[in-house]
Amino acid sequence: MTTVLDLTDPDEIAGHYLADERPVRQERPWITMGMISSLDGSATLDGGSTALGGPPDRAVFRALRAVADVILVGASTVRSERYRSVRLPDRLVAWRRNQGLSEAPRLAIVSAQLGFDPTDSLLDSNPILVTCEAAPSPERSRWASRGDVLVAGEERVDLDDAMRLLRTRFGTERVTLEGGPTLNGQMVGQVDEISITLAPTVVAGDGPRIIRGLEGVRSAALDRVIHCDGFLLLRYLLG
């Protein structure tokens, strides 16, 4: 049965996502994809996703970060969204402590070529680099001096293997996938939960969809709908 709610308080919205069940598995983490889209399907506005959002979406975004052990993101999204170290509001830090978690989840950045320059703030957060054997050795060594390097695959990153390694090597139980669309397309076969915000905005143009490159079809069950200030916050579970 689908739950339908009309809420106004961002903290109350966040509370639902914090309380959702995400079963622990032995072989790989539970994977949640969290994205925002315009009404006409664009995943970006003015070159990024931030301008599409508002308080309801930010509440979901922070809650999905709070429940994660690891935030998985592609290198191109790190560049375009100007990622830095993960910081959560004090209320969510306290919630994580009560759950026996660290103050913030770790970032895991997927890159085969390592052709990007991370900020010092990002490197200081002890990120995990998810890459492959073919990645340039000097850049791999640079990352290894500031964080962990997880090598999965030979010529390209094997994301199935990467998720198994996150579980066995780091004890990762929950991953929040923040994109971008290409990484989402590569990961969607493993995703257990999609939390998508429909923004009350029409963008037009040729902006990317939230998932690009998917071959095949997966069905999803609508678990919950929250309406807040024109935004629709949708939670789907994939079988």
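Remember, it's a predicted structure, so these values are computed and weren't measured experimentally.

**Things to note about the packing of helix H1 (residues 10-19) against helix H4 (residues 90-98)**
Here H1 crosses H4 at 25°, and the two axes come no closer than 13 Å. Between H1 and H4, the angle falls in the class roughly parallel. Here the hand of the crossing between H1 and H4 comes out right-handed. The residues of H4 that touch H1, namely those facing Asp 11, Ala 14 and Leu 18, are Arg 91, Leu 92 and Trp 95. Taken together, the residues of the contact of H1 with H4 sort by class into 4 nonpolar, no polar and 2 charged.

**Describing unusual backbone geometry**
Each neighbour pair has its own omega, and for Gly 179 with Gly 180 the value is 10°, a cis peptide bond. Along the chain, Gly 180 falls in the loop between strand E7 (174-177) and helix H8 (181-187). In the Ramachandran plot, Arg 82 falls in the positive-phi region, its phi being about 55° despite a non-glycine side chain. Looking at Arg 82, the relative accessible area reads 72%, which means it is exposed.

**Thoughts on the pairing of strand E3 (residues 70-74)**
On any regular strand, side chains alternate: one points to one face of the sheet, the next to the other face. Judged by how many residues are buried, E3 sits mostly within the fold: 5 of 5 residues are covered. Burial along E3 is two-sided: Val 70, Leu 72 and Gly 74 and Ile 71 and Val 73, pointing in opposite directions, are all buried. In terms of strand pairing, E3 meets strand E4 (residues 106-110) through 5 bridges, oriented parallel. Note on E4: the bridge partner recorded for Val 70 is Arg 106. Here E3 pairs with E7 via 3 bridges, running parallel. Residue pairing across strands places Leu 72 opposite Leu 177, the latter belonging to E7.

Calculation criteria
- Residues numbered from 1 in each chain as written.
- Predicted model: local features only at pLDDT ≥ 70, side-chain atom pairs only at ≥ 80, totals over all residues.
- Heavy atoms only, no water.
- Axes fitted to C-alpha atoms, helices over the stretch in contact; angles between N-to-C directions.
- Helix = DSSP H or I, 4+ residues; strand = E, 2+ residues; numbered from the N terminus.
- Parallel < 35°, antiparallel > 145°, perpendicular 65-115°, else oblique.
- Left-handed = near helix turned anticlockwise from the far one by under 90°.
- Contact = heavy atoms within 4.5 Å.
- Nonpolar A, V, L, I, M, F, W, Y, C, P; charged D, E, K, R; others polar.
- Buried < 20%, exposed > 50% of the residue type's maximum accessible area, 1.4 Å probe, protein only.
- Pairing = 2+ DSSP bridges.

Just distances and angles here, no functional claims.
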